[in-house]
Amino acid sequence: MLCSFAAVFVFAAIFAEFYRGAKLRAKRQETSFVNGLNLLIQRNKRRYGGYIIHIGIVILYIGIMGSKGYFLLESKSMTLGESIEVGKYKLTMVDSFEKEYANYLRSGVIFDVEKNGKHVGTMKPALHAYYRSKPDEEPTKESAIHHMGMNDLYIALASIPRNIETGGIVNVQGYYNPLISVVWIGVAVMVLGGIVAIAEKSERSGDS
């Protein structure tokens, strides 16, 4: 709660700075608030570009705080037909599959994904066994990812037994990573702020 309060405080302070400046600029130029905001940023790109970078940092911080503070991990040894619950999501292992490619064998399982009793999709984590790999090399893991708004759900497999259809056990790990997309939004905002700030330096270099 303290971290959330600090993030909201920084947001409010920066947005208040933008709002007061844009409103004053719009009043002086007798134009709209949006044009006033544009004129405000154009007048001092370095300063307001820095503010935008700070907004991006706060967004990034919120994303990291949410993804780390509410991250969930569930592990279970399962057979076909069994389910594992990760937060509000119920993952039921309904089938297995195997497909040959030119240089590797792809094998995996199919999960039905439910949220609050409603079907929201299917996920297919898999393992890749390369034909030219050394005998002691393990297959590479291909986690299944399901994007849900700002949140991500992952499923990874430790191994897949040859007798999975007759009761073989599969070791499954389910990950719920909330607000992970917010991290990338924060990075994008920081880049935007950097471009705005650099633009002023480029203009000054061109004038000189």
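All values reported here derive from a predicted model rather than from experimental measurement.

Draft legend 1. Molecular detail of the overall build of the protein chain. Scanning the protein chain from N- to C-terminus turns up 4 helices and 10 strands. Beginning at the N terminus, the succession of helices and strands in the protein chain can be written as α-α-α-β-β-β-β-β-β-β-β-β-β-α. Taken over C-alpha atoms, the radius of gyration comes to 25 Å for the protein chain, far larger than the 17 Å a tight globule of 208 residues would show. Overall, the protein chain is about 80 × 40 × 30 Å in size when its C-alpha atoms are taken along their principal axes. Evaluated residue by residue, the protein chain yields a buried proportion of 36% over its 208 residues. Look at the contacts in the protein chain between residues 6 or more apart in sequence, and 53% of them connect residues 24 or more apart. For the protein chain, the separation between the mean place of its 24 positive charges and that of its 19 negative charges on side chains is 14 Å.

Draft legend 2. Representation of the environment of I59 within the structure. Along the chain, I59 turns up in helix α3 (residues 45-69). For I59, a relative accessible area of 15% puts it in the buried group. Separated by 128 residues in sequence, I59 and V187 place their C-alpha atoms 8.2 Å apart.

Draft legend 3. Here's a closer look at the packing of aromatic side chains. Scanning the model with the defined rule gives 8 aromatic pairs in all. Ring geometry for Y48 versus Y51: centroids 5.5 Å apart, planes at 70°, classification edge-to-face. Of this pair, Y48 and Y51 both sit in helix α3, 3 residues apart, which is roughly one turn of that helix. For Y48, a relative accessible area of 5% translates into the label buried. For the pair Y101 and Y104, a centre-to-centre distance of 4.8 Å together with 15° between the ring planes defines the contact as stacked.

Draft legend 4. Highlighting the nonpolar core. Formed by 19 residues in total, the largest nonpolar core has its most connected members in Y89, L91, F111, L153 and V172. Of all elements in the fold, only β2 (83-86), β3 (89-100), β4 (104-115), β8 (144-148), β9 (151-157) and β10 (170-177) reach the threshold of two or more residues within this core. Membership of the second largest hydrophobic core comes to 15 residues, among which are A7, F11, I59 and V182.

Draft legend 5. Seen up close, the pairing of β3. Here β2 runs beside β3; their pairing, made up of 4 bridges, is antiparallel. Along β3, the bridge assignment pairs S83 with T92. Taking the residues that link successive antiparallel strands as the turn, the β2-β3 hairpin has 2 residues, and the phi of G87 there is positive, at about 65°. Pairing geometry for β3 and β4, over 11 bridges, is antiparallel. Looking at the pairing, Y89 lines up with K115 of β4. Connecting the antiparallel pair β3 and β4 is a turn made up of 3 residues.

Criteria and thresholds
- Residues numbered from 1 in each chain as written.
- Predicted model: local features only at pLDDT ≥ 70, side-chain atom pairs only at ≥ 80, totals over all residues.
- Heavy atoms only, no water.
- Helix = DSSP H or I, 4+ residues; strand = E, 2+ residues; numbered from the N terminus.
- Rg over C-alpha atoms; globule rule 2.2 N^0.38 Å.
- Buried < 20%, exposed > 50% of the residue type's maximum accessible area, 1.4 Å probe, protein only.
- Contact = heavy atoms within 4.5 Å.
- Lys, Arg positive; Asp, Glu negative; His and termini not counted.
- Charge placed at Lys NZ, Arg CZ, Asp CG, Glu CD.
- Phe/Tyr/Trp six-rings, centres within 6.5 Å; stacked < 30°, edge-to-face > 60°.
- Core = buried A, V, L, I, M, F, W, Y, C linked by side-chain atoms within 4.5 Å.
- Pairing = 2+ DSSP bridges.

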